[in-house]
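Listed here are the chains, written in short residue letters.
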Amino acid sequence: MHKHMPHAPKQVISDLQIFGGRPAFAEKLHVGRPNIGNRQWFADRVNEIFERKWLTNNGPFVDEFEKRIAELTGVKHCIAICNATIALEIAIRALGLKGEVIVPSFTFVATAHALQWQEITPVFCDIDPQTHTIDPNQLETLITPRTTGIIAVNLFGRNCEIARLEEIATRRNLKLLFDSAHAFGCSYQGRMIGGFGDAEVFSFHATKFVNAFEGGAIVTNNDDLAHTARLMQNFGFTTYDQIACVGTNGKMSEVSAAMGLTNMESMDDFIAINRQHHKQYAKELADLSGVTVLSNDEEEKCNYQYVVMEIDASNTLVTRDELMQILHHENVLARRYFYPGCHRMKPYNSSALSLPETEKLSERVLSLPTGTSITPADITAICRIIRLVVSNGREVSEKLRAERP
Ligand code: T4K
């Protein structure tokens, strides 16, 4: 029996755990459960590491991982980094960004932190309501004499308007960096993500489509940039005792690269499972008014790592937060990726700044469990709960409010 085997389907709202019923799942279902490839191949690689006694500092598995990423993305240079946040920091520094850099507010906070950490001001831009990625029209209005670059985010593996952004960056003489933490294995106009702008950054965190426990990479076709980034990733060392520039420690360990390589070998299987899950969610929620599962461009390659549902509370009568609370009680740990928007987070909070599309969307999105740990039966059970709640939205919401202390 599957350990997540749901109990009997819930028929009425009093069956919901929050109103006294049993939770639908005996164990917690997470968003971001790691995809794990062939354990034996990973174990063999770990044994090789022990035999070689080369644990980190640009070892052979890191070298191989970099080559595989460069091959897959069709990019000239790949520098593996310990995580994507440090990769962003290094790319930002190697690109010479300073002053102000324009970023979308609707992203994981690391995109903004990587700038602020280096005392560069993130200037928050709204999103386009269609693409949910940075709005190129507003972006142009935010450019000032202090602006040195743009960081655009290929959020949830869905592309931003890359060609337009490249055109703006060239015309306004700005550097263009893509935070493609979510977009490894995705394409844009038939070309793999990785080769756009001046550079791109991937994440191989445990929760990502391909994971290296923790990990990241900078990919670029620019020889000088790659050279500088590689120096910066290893304290600026050129040879023993020789330092070319200020650097940091952004190195990936051999065990991370072994995990990354092993998982890359299974990425087609991960995509097939994710895609199937995405289709199933979309189908099972299709006719539910007020609920939309964000779609992906089927003409492009996609890793389908995030299943994001949008809830229009004016239609469902139950809010995103109420639905999330109910799901959590059922042991479905749906997440508010990304709430409340970086511009409303404490270190950046500017009460003067209004980004209506970001604010609207961040109140509506909910990421649902997917990946190799989830089964079709789990998805059916999750969708049934959502359907039960949404089709009784008014009653559920009134009951929740009445019972709130
Ligand atoms: N740019 C963007 C657009 C990003 O989304 C991210 C990271 C970055 C840059 C920076 O990349 P890294 O520096 O991390 O390489 C998680 C991840 O930690 C973060 O990598 C990711 N984005 C973000 C979207 O999600 P949290 O704070 O939500 O993580 P946490 O601990 O709540 O874990 C998420 C879920 O995954 C939990 O429900 C539990 C589950 N989980 C997690 C881990 C680590 C597991 O089941 N097993 C695990 O080993 O940030």
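Residues numbered from 1 in each chain as written. Predicted model: local features only at pLDDT ≥ 70, side-chain atom pairs only at ≥ 80, totals over all residues. Heavy atoms only, no water.

Colleague: Just checking my understanding: could you explain the overall build of the chain for this structure?
Modeller: Looking only at helices and strands, the chain has 14 helices and 16 strands in total. For 405 residues, the compact-globule estimate of 2.2 N^0.38 gives 22 Å, and the C-alpha radius of gyration of the chain, at 22 Å, lies within 12% of that figure. Oriented by its inertia axes, the alpha-carbon framework of the chain measures out at about 70 × 55 × 40 Å. When the 405 residues of the chain are sorted by exposure, 55% land in the buried category. Taken together, the 41 basic and 48 acidic charged side chains of the chain have centroids lying 4 Å from each other. (Helix = DSSP H or I, 4+ residues; strand = E, 2+ residues; numbered from the N terminus. Rg over C-alpha atoms; globule rule 2.2 N^0.38 Å. Buried < 20%, exposed > 50% of the residue type's maximum accessible area, 1.4 Å probe, protein only. Lys, Arg positive; Asp, Glu negative; His and termini not counted. Charge placed at Lys NZ, Arg CZ, Asp CG, Glu CD.)

Colleague: Help me understand the packing of helix H1 (residues 39–52) against helix H2 (residues 60–73) in this model?
Modeller: Helix-helix packing is characterised by the crossing angle of the two axes and by the distance between the axes. For the pair H1 and H2, the least separation of the axes is 11 Å and the interaxial angle reads 135 degrees. On the basis of the axis angle, H1 is oblique to H2. Here H1 contributes Arg45, Glu48, Ile49 and Arg52 to the contact with H2, which in turn contributes Pro60, Phe61 and Glu64. (Axes fitted to C-alpha atoms, helices over the stretch in contact; angles between N-to-C directions. Parallel < 35°, antiparallel > 145°, perpendicular 65-115°, else oblique. Contact = heavy atoms within 4.5 Å.)

Colleague: I would appreciate a short explanation of the packing of aromatic side chains in the present structure.
Modeller: When we look at a pair of aromatic rings, we describe it by the centre distance and by the angle of the planes. Per the counting criterion, the structure on display carries 15 aromatic pairs. A centroid spacing of 6.4 Å and a plane angle of 80 degrees characterise the contact between Tyr306 and Tyr337, whose relative ring orientation is edge-to-face. One end of the pair, Tyr306, is in the loop between strand E13 (291–293) and strand E14 (307–311); the other, Tyr337, is in the loop between strand E15 (332–333) and helix H12 (356–362), and 31 residues separate them in sequence. For the pair Tyr306 and Tyr337, a shared accessibility class is recorded, and that class is buried. Geometry around Phe61 places Arg52 over its ring, the cationic atom sitting 4.7 Å from the centre. Cation over ring: Lys399 sits above Phe19, and NZ or CZ is 4.8 Å from the ring centre. (Phe/Tyr/Trp six-rings, centres within 6.5 Å; stacked < 30°, edge-to-face > 60°. Lys NZ or Arg CZ within 6 Å of the ring centre and 35° of its normal.)

Purely geometric stuff here, so don't read any function into it on its own.
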